[in-house]
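If you want the building blocks of each chain, they are given just below.
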Amino acid sequence: MKDAPGFDKAAASANAFVTLVTNRDYVLGATALLRSLHLTGTEADLVVLYTPGVEAEELEPLRAFGARLGRCGRLPTSSAFNERHERGRLHKAAPFIKGGKPVFHTPLDNFVKLRLWQLTEYDKVVFIDADAIVLKNCDKLFDYPEFCAAPNVYETLGDFHRLNSGVFTAKPSEATFQNMLSRLDQPEAFWRRTDQTFLEHYFPDWHGLPVFYNMLQYVWFNLPDLWSWHEIHILHYQYEKPWQTEHPKAKTLRPLIDLWQVFANGKEIPEDVSDLPNPSKSVI
Ligand code: UDP
Ligand code: MN
């Protein structure tokens, strides 16, 4: 298959959890994610797609978790498409007003997620953003159909009709991949939230996963009633990242950042997060 990711070893399972790293910062994220996935006891492959923005030796920490590493390029989109989605232009055309994007976030790199559909050696794949950690076994997602994602809920209940592309299920298919490419790079097409907006359009009948399969960190302070350590399977640090030394919400998010840190360094990881204190609930 032309241009498909090149791997360091063969697939060892029919299913895979897949993440993406295009620079050193997201390798830090992927290290915590892979450790967390490993601890769930999954037998699915752990796949990391990476672009030439990452040096081979920077990926070393990921090998400790048996990761299968796939080197790939950005999508073959036109230069007009690339210019429209360049960081400065995208931030100007579609400003982020609800949270901050770190400087190391390059919007164009997000579209590389679509390469999941090229992984035809697998029956089913589940994508997880590199800025997430898995707190409970998620193998049952491999029995879910394409295309499933959790709602993009982090501010109001009005967000339940949008999806968040930090976690999704896909059935790899070269035909789907090619079809996606042609739909993606139409003249003047501008996907304001990159792959997320595209996937929402491409799969208008997307299936909703329970919100606990992609719990967004802002729920902690915006919708504390929704928080439940007992049920959270995947915790996703959207906007500011837990490895940024300082950010405006770090104080409020301290318990979540501390949890990410123990998964990053492998020390004193709680056996079960169910008993952690929930945020104080809103008072009626
Ligand atoms: N990503 C990457 N490099 C980039 C931007 C994104 O590797 O410059 C990957 C990484 O897996 C990341 C995901 O794409 O987790 C989506 O970006 P991010 O998580 O920063 O977006 P947010 O969740 O804040 O919307
Ligand atoms: Mn993310």
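Before reading on, note that the structure itself is shown above.
Here is a short report on the structure shown in this document.

About the cut-offs
- Residues numbered from 1 in each chain as written.
- Chains lettered and ligands numbered in written order.
- Predicted model: local features only at pLDDT ≥ 70, side-chain atom pairs only at ≥ 80, totals over all residues.
- Heavy atoms only, no water.
- Core = buried A, V, L, I, M, F, W, Y, C linked by side-chain atoms within 4.5 Å.
- Buried < 20%, exposed > 50% of the residue type's maximum accessible area, 1.4 Å probe, protein only.
- Contact = heavy atoms within 4.5 Å.
- Pairing = 2+ DSSP bridges.
- Helix = DSSP H or I, 4+ residues; strand = E, 2+ residues; numbered from the N terminus.
- Axes fitted to C-alpha atoms, helices over the stretch in contact; angles between N-to-C directions.
- Near = heavy atom within 4 Å.
- Polar contact = N/O pair within 3.5 Å; in protein donor to acceptor, adjacent residues only side chain to side chain.
- Areas by Shrake-Rupley, 256 points an atom, 1.4 Å probe, with all protein chains shown as cover.

1. Focus on the nonpolar core
Thought 1: By size, the foremost hydrophobic cluster in this structure holds 64 residues, and its most contacted members are Val21, Ile128, Trp229, Leu235 and Leu259.
Thought 2: Every residue in contact with leucine 259, bar those within four places of it in the chain, is listed here: Ile133, Leu135, Trp229, Leu235, Tyr237, Pro270, Val273 and Leu276.
Thought 3: Core analysis: the next-biggest nonpolar cluster, separate from the first, contains 34 residues, Leu116, Leu119, Leu181 and Leu199 among them.

2. Section: the sheet that holds strand E1 (residues 6–7)
Thought 1: Pairing within the open sheet is mixed, and its eight strands lie in the order E1-E4-E3-E2-E5-E8-E7-E9. The open sheet has two edge strands, E1 and strand E9 (207–208), and neither has a second partner.
Thought 2: Where strand E7 (residues 148–151) and E9 come together, two bridges link them in parallel fashion. When the sheet's bridge partners are listed, cysteine 148 is paired in E9 with histidine 207.
Thought 3: Packing of helix H1 (residues 24–39) onto the sheet brings it into contact with strand E2 (15–21), strand E3 (45–50) and strand E5 (124–128), and relative to E2 it is tilted by some 160 degrees.

3. A few points about the sheet that holds strand E6 (residues 132–134)
Thought 1: One open sheet holds the three strands; their spatial order is E6-E11-E10, and the pairing between them is mixed. The two strands at the open ends of the sheet, each matched to only one other strand, are E6 and strand E10 (215–216).
Thought 2: Where E6 and strand E11 (residues 234–236) come together, three bridges link them in antiparallel fashion. Bridge pairing in E11 places alanine 132 opposite histidine 236.

4. Considerations on the site of ligand 1
Thought 1: Near ligand 1 lie 18 residues; those nearest to it are Leu20, Thr22, Tyr26, Lys101 and Asp131.
Thought 2: The separation between an oxygen atom of ligand 1 and a polar side-chain atom of lysine 241 is 2.9 Å.
Thought 3: In isolation ligand 1 offers 520 Å² of accessible surface; the protein chains occlude 93% of this area.
Thought 4: Within the residue set of the shell around ligand 1, elements represented by two or more residues are E2 and helix H5 (107–110).

5. Comments concerning the environment of lysine 171
Thought 1: Tracing the backbone through its elements, the reader meets lysine 171 in the loop between strand E8 (163–170) and helix H6 (174–184).
Thought 2: As for lysine 171 and phenylalanine 147, which are separated by 24 residues in sequence, their C-alpha atoms are 8.1 Å apart.
Thought 3: Non-local contacts of lysine 171, meaning those with residues more than four positions away in its chain, are made with Trp117, Asp123, Lys124 and Glu146.

6. Looking at the pairing of E2
Thought 1: A large share of E2 lies buried, amounting to six of its seven residues.
Thought 2: Both E2 and E5 contribute to a ladder of four bridges, which runs parallel. Opposite valine 18, over in E5, you have phenylalanine 127 as the bridge partner.
Thought 3: The pairing of E2 with E3 spans six bridges and is classified as parallel.

7. Remarks on helix H7 (residues 194–202)
Thought 1: The element H7 is largely enclosed, with a buried count of eight among its nine residues.
Thought 2: Buried within H7 are the following residues: Thr194, Asp195, Gln196, Thr197, Phe198, Leu199, Glu200 and Tyr202.
Thought 3: Close packing links the buried residues of H7 with helix H4 (87–93), H5, E8 and H6.

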